[in-house]
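Remarks on the overall topology
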Amino acid sequence: GEKEAMARGEPILHELAEKSGETAYVSILRANDVVYLDSVEASTTVRVVSRLGLHMPIHATAAGKAIVSFESEEEIRKRFNREMTRFTPATLATVDDLLKNLKVVRERGYAADLEEFEEGLRCIAAPIRDYTRKVIGALSISGPAHRLNDEKIETFIGPEVVRCGQDLSRRLGYRE
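The sections below set out a description of the structure shown in this document. The residue count restarts for each chain, going from 1 along the sequence in the order it is written. In view of the model being predicted, local features appear only for residues whose pLDDT reaches at least 70, and side-chain atom pairs are presented and counted only at 80 or more, with totals across whole chains, interfaces and linings using the full set of residues. Note that the side-chain values use all heavy atoms of the structure and ignore hydrogens as well as water.

Attention now goes to the side chain of Ser169. The topology assignment puts Ser169 in helix H5 (residues 150–171). Once residues within four sequence positions are removed from consideration, Ser169 is found in contact with Pro127, Ile128, Arg129 and Tyr174. Secondary structure follows DSSP: runs of H or I at least 4 residues long count as helices, runs of E at least 2 residues long count as strands, and numbering of each begins at the N terminus. Should any heavy atoms of two residues lie within 4.5 Å, those residues are considered in contact.

Below, the structure is given as structure tokens:
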């Protein structure tokens, strides 16, 4: 459950924060919102406003996209049967765009929010699974866009977040 994910996630959050030099988070879905439960800041972090306790939109956050990435097209269309709020020019505005994006998430193992919620801020997230193989949350990092450029995400941050997400999933009893 949530409490277990938090407890077992703590050392992994620290590891991810230190390796990436950014703030690391564990989040879950509550109804149609992403809720950030826990975070660890890297010692070098230029403070990013904390998201702890905030309710954030699924379609505009890496964590949200990572959590719903394995839902069926039907489930996704049901979830987003109303208009999708635009927060920045980069926000995904239609369900079809979101579905395309989620296909990429499944292929590479991580979701990205490239200034889709807030200009100047990028986030990368991977799903967390439990022993039933169900996605129960996401592990993510967020930081300023100038530090999280495309190349750094593709070669280092993305794979690192995926590895830590798998590590946490295994601690929760997930077996591939």
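Back to the text.
Next up on the list: the nonpolar core. Nonpolar side chains in soluble globular proteins tend to end up buried together. Formed by 24 residues in total, the largest nonpolar core has its most connected members in Ile76, Phe80 and Leu98. Only strand S2 (33–40), helix H2 (62–68), helix H4 (95–108), strand S5 (121–129) and strand S6 (135–144) provide two or more residues apiece to this core. Those residues in contact with Leu98 that sit more than four places away from it in its chain are His59, Lys65, Ile76, Phe80, Met84 and Leu92. In this description, a nonpolar core means a group of buried Ala, Val, Leu, Ile, Met, Phe, Trp, Tyr and Cys residues linked to one another through side-chain atoms lying within 4.5 Å. Categorising residues by exposure relies on relative accessible area from a 1.4 Å probe, with only protein chains included: less than 20% of the type maximum marks a residue as buried, more than 50% marks it as exposed, and the intermediate range marks it as partly exposed. Ala24, Tyr110, Ile157 and Leu172 belong to the second largest nonpolar core, which has 23 residues in total.

Let us now look at the sheet that holds strand S4 (residues 111–114). A pair of strands is labelled paired if DSSP reports no fewer than 2 bridges between them. Here we have 6 strands laid out as an open sheet, ordered S3-S2-S1-S6-S5-S4, and antiparallel in their pairing. In the strand order of this sheet, the two ends are held by strand S3 (55–57) and S4, each with one partner. Neighbour-to-neighbour, the strand axes of this sheet turn through a mean angle of 35°, independent of strand direction. The sheet contact formed by S2 and S3 spans 3 bridges and is antiparallel. Every axis in this analysis is a line fitted to C-alpha atoms, fitted for helices over the stretch in contact. Angles between the N-to-C directions lie between 0 and 180 degrees.

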